[in-house]
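Read off the chains here:
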Amino acid sequence: DDDAVCLQNGIFRQAKTKLEQEVVLKPNPASDNVEISLLNKEEGVCMIKITDPMGKALLTQFFNCEDKKIILNVKGFAQGIYIVQVLKNNEWSKTQKLIINR
């Protein structure tokens, strides 16, 4: 068991971990527009998918991840709870609830 021997001798191994992406929706609850922001630096193309609670896709939008934020118009959405998924290829995916309140 190399880990036990190394730890006993004061040798520590550091794992390289990628920062987990954080996504913020504001305002939430929203009425007309919602801003979706990425808090960590990201490159490439990200996709936003908004679905109703039954899983029906209502909106799919692509944006440049380097921009770090996008504002979406949700005026046409009925009042209720929606699922917002922000993803980048097969690298990561974040899901949050969005409440539309008027």
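Overview of the structure. Remember, predicted model here, so these are calculated numbers, not experimental data.

Rules behind the numbers
- Residues numbered from 1 in each chain as written.
- Predicted model: local features only at pLDDT ≥ 70, side-chain atom pairs only at ≥ 80, totals over all residues.
- Heavy atoms only, no water.
- Helix = DSSP H or I, 4+ residues; strand = E, 2+ residues; numbered from the N terminus.
- Buried < 20%, exposed > 50% of the residue type's maximum accessible area, 1.4 Å probe, protein only.
- Contact = heavy atoms within 4.5 Å.
- Areas by Shrake-Rupley, 256 points an atom, 1.4 Å probe, with all protein chains shown as cover.
- Pairing = 2+ DSSP bridges.
- Axes fitted to C-alpha atoms, helices over the stretch in contact; angles between N-to-C directions.
- Phe/Tyr/Trp six-rings, centres within 6.5 Å; stacked < 30°, edge-to-face > 60°.

What about the overall build of the protein chain?
In step 1: If you tally the helices and strands in the protein chain, you get one helix and seven strands.
In step 2: Sequence-ordered secondary structure for the protein chain, helices as α and strands as β, is α-β-β-β-β-β-β-β.
In step 3: When burial is assessed residue by residue, the protein chain has 30% of its 102 residues classed as buried.
In step 4: When contacts within the protein chain are restricted to residue pairs at least 6 apart in sequence, long-range pairs at least 24 apart make up 49% of them.
In step 5: Approximately 7,200 Å² of the protein chain is accessible, and the part contributed by carbon and sulfur atoms is 50%.

Observations regarding the sheet that holds strand S5 (residues 69-73)
In step 1: Read across the sheet, three strands follow the order S1-S2-S5 without closing on themselves; strand pairing throughout is antiparallel. This sheet does not close on itself; its edge strands, each paired only once, are strand S1 (23-26) and S5. Taken pair by pair, the neighbouring strands of this sheet meet at an average axis angle of 20 degrees, ignoring direction.
In step 2: Here S1 runs beside strand S2 (residues 33-38); their pairing, made up of four bridges, is antiparallel. Note on S2: the bridge partner recorded for Val24 is Ser37.

Brief notes about the sheet that holds strand S7 (residues 92-100)
In step 1: The four strands are arranged S4-S3-S6-S7 in an open sheet whose pairing can be described as antiparallel. Two strands in the sheet have a free side with no partner beyond their single neighbour: strand S4 (57-64) and S7. Neighbour to neighbour, the strand axes of the sheet diverge by 20 degrees on average, direction disregarded.
In step 2: As paired strands, strand S6 (residues 80-88) and S7 are joined by nine bridges and run antiparallel to one another. Bridge assignment links Gln85 to a residue of S7, and that residue is Thr95.

Digging into the packing of aromatic side chains
In step 1: In the structure shown here, the tally under the stated rule is one aromatic pair.
In step 2: Arranged with centres 5.2 Å apart and planes meeting at 55 degrees, the rings of Phe77 and Tyr82 form a pair that is tilted. Judged on exposure class, the residue Phe77 and its partner Tyr82 are both buried.

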